[in-house]
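One-letter residues, chain by chain:
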Amino acid sequence: GAPAGTVWSFSDSSSSSRVHVVSVMGRAEHTSRATAFQGAEVTNMMARSELDLRSATLMPGETQRVQVLLMMGNVELRVPATWTVDTGAITALGAVRDERIRVPEADAAAGPAPRLVLRGLVMFGRLTIRS
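Thresholds applied
Residues numbered from 1 in each chain as written. Predicted model: local features only at pLDDT ≥ 70, side-chain atom pairs only at ≥ 80, totals over all residues. Heavy atoms only, no water. Helix = DSSP H or I, 4+ residues; strand = E, 2+ residues; numbered from the N terminus. Buried < 20%, exposed > 50% of the residue type's maximum accessible area, 1.4 Å probe, protein only. Contact = heavy atoms within 4.5 Å.

K.L.:
Got a sec to walk through unusual backbone geometry? Specific residues and values, please.
P.N.:
The phi dihedral of L93 falls on the positive side, at around 55 degrees, and the residue is not glycine. Within the secondary structure layout, L93 lies in the loop between β9 (90–92) and β10 (95–98). Judged by relative accessible area, which is 72%, L93 ranks as exposed. With a phi angle near 55 degrees, F124 is a residue other than glycine that sits in the positive phi range. With respect to the helices and strands, the residue F124 is situated in the loop between β11 (115–123) and β12 (126–130).

The structure is reproduced here in structure tokens:
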């Protein structure tokens, strides 16, 4: 483990299909360029984390999960405006806000929109979804 008072941040390579972002008393930024995105885990303790999935690929109708543990900090999640996001994380004196600009419904011939399922705990912090 890290000594007390040490700022610690970690994220996988940008091409990894499964993303892990950890930030403790620091700042972590990760941009995924995965061609077959397989979900993410974000752990944030008294810190700020950014996870950008706008360059990641999900097939039409595919569902992937982002598991989050956020305590006393902020997480910014950037996703394409065309993705559906299920914001089912539990909040305890915290908030989950979807601030994306809405786009018209996608062409039905393209298939259903990719879906991102957000689960976990947001306590004393904020998770903001942007495009």
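Following the structure, the description resumes.
K.L.:
Requested: an account of the side chain of T128, with residues and values cited.
P.N.:
Summarising the element assignment, T128 is placed in strand β12. By relative accessible area, T128 is classed as buried at 7%. Those residues within four positions of T128 in sequence are excluded, and the remaining contacts are V75, E76, L77, R97 and E99.

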